[in-house]
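# Architecture and fold: a report
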Amino acid sequence: MELEDLYQEIILDHYRSPRNHSDVLDRGKCVKHENPLCGDELYLKVDVDEAGGKIANICFSGHGCSISQASASMITEAVKGLDKDKALEISEKVRRLMRGEAPAENLGDIEALQGVSKFPVRVKCALLAWMALRDALTNGKGQTEKKDECN
Ligand code: ZN
């Protein structure tokens with residue numbers, strides 16, 4: 001199997017069976033990010049255990065293309081249980097991956113996104129969830145307090 005076919009399979013698997021896809025997260029922070037160019041709309045909900053600095057729980061909802069949904073599924077799977085700082089480090093690595101740089105460490109399923117770097121219009125789709133995570137962890141833009149927007 002060609003590497004690109006394998007990557008395609010991994011992306012489709014996350015799209016069809018998204019991990020941590022849920023409207024409900026009891027506690028935590030919600031961030032909404034949109035990609036108007038493609039019509040992607042994403043809500044990422046993150047519960048950081050403030051005492052330990054770990055991502056205790058994370059889920060996402062919304063709708064969009066296969067790349068944006070698969071990317072959100074991958075991110076929730078990759079960072080759940082990690083320290084906040086480690087999660088931010090991974091999000092920076094994904095940005096570099098999207099600039100076409102080879103990953104310096106094994107990123108698991110996330111590496112399947114590297115083919116997207118060849119299609120600039122889709123890069124924003126792939127990065128939507130990663131930007132949302134960064135904003136959720138650093139109190140950046142996209143925070144929403146409105147319950148109807150996030151639940
Ligand atoms: Zn998209």
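The coordinates are above.
Residues numbered from 1 in each chain as written. Predicted model: local features only at pLDDT ≥ 70, side-chain atom pairs only at ≥ 80, totals over all residues. Heavy atoms only, no water.

On to unusual backbone geometry, then. Of note, the phi angle at N20 is positive, near 55°, even though the residue is not glycine. You can see N20 is positioned in the loop between α1 (3-16) and β1 (29-35). (Helix = DSSP H or I, 4+ residues; strand = E, 2+ residues; numbered from the N terminus.)

Bringing the packing of helix α2 (residues 66-79) against helix α4 (residues 120-138) into the picture now. Contact pair α2 / α4: the axes reach a minimum separation of 8 Å and the direction vectors enclose 35°. Crossing handedness for the pair α2 and α4: right-handed. Residues I67, S68, S71, A72, I75 and V79 of α2 touch α4, and the partners they reach there are R122, C125, A126, A129, W130 and L133. In terms of residue class, the contact of α2 with α4 is built from 9 nonpolar, 2 polar and 1 charged. (Axes fitted to C-alpha atoms, helices over the stretch in contact; angles between N-to-C directions. Left-handed = near helix turned anticlockwise from the far one by under 90°. Contact = heavy atoms within 4.5 Å. Nonpolar A, V, L, I, M, F, W, Y, C, P; charged D, E, K, R; others polar.)

What follows is about the coordination of the zinc ion. Note on metal geometry: ideal angles are 109.5 degrees for four donors arranged tetrahedrally and 90 or 180 degrees for six donors arranged octahedrally. On the protein side, the zinc ion has C38 (SG), D40 (OD), D40 (OD), C65 (SG) and C125 (SG) as donor atoms, found 2.2 to 2.7 Å from it. Positions of the donor residues of the zinc ion, expressed as sequence spacing, correspond to C-x1-D-x24-C-x59-C. Linking C38 in the loop between β1 and β2 (40-49) with C65 in the loop between β3 (54-63) and α2, this pair joins segments that are 27 residues apart in sequence. Classification of C38 by relative accessible area gives partly exposed; the value is 34%. According to the relative accessible area criterion, C65 is buried, its value standing at 14%. (Donors = N, O, S within 2.8 Å, 3.2 Å for Na, K, Ca; no water. Buried < 20%, exposed > 50% of the residue type's maximum accessible area, 1.4 Å probe, protein only.)

The next subject is the environment of R122. Along the chain, R122 falls in helix α4. Judged by its relative accessible area of 28%, R122 falls in the partly exposed class. In contact with R122, other than residues within four places in its own chain, are C38, C65, I67 and V116.

So, about the nonpolar core. Judged by nonpolar contacts, the single largest core of 40 residues is most densely connected at V46, I55, I110 and L133. The set of elements that each furnish at least two residues to this core consists of α1, β2, β3, α2, α3 (84-98) and α4. Of all the elements, α4 adds the most residues to this core, at 12 residues. (Core = buried A, V, L, I, M, F, W, Y, C linked by side-chain atoms within 4.5 Å.)

With 14 residues, α2 should cover 20 Å at 1.5 Å per step; its first-to-last C-alpha distance of 20 Å lies within 8% of that length. Most of α2 is tucked away: 11 of the 14 residues are buried. Those residues of α2 that fall on the buried side of the exposure criterion are I67, S68, Q69, A70, S71, A72, S73, M74, I75, T76 and V79. Looking one or two places after α2, you find G81, whose phi comes out positive at around 90°. (Expected span 1.5 Å × (residues − 1).)

Counted according to the given criterion, the structure contains 12 salt bridges. A salt bridge links E77 to R19; its shortest N-O distance comes to 3.4 Å. With E77 in helix α2 and R19 in the loop between α1 and β1, this pair connects stretches of sequence that are 58 residues apart. Residue R19 is classed as partly exposed on the basis of its relative accessible area, which comes to 22%. Among the ionic contacts, a cluster of salt bridges with common partners joins K86, E89, K93 and E105. (Salt bridge = Lys/Arg side-chain N within 4 Å of Asp/Glu carboxyl O.)

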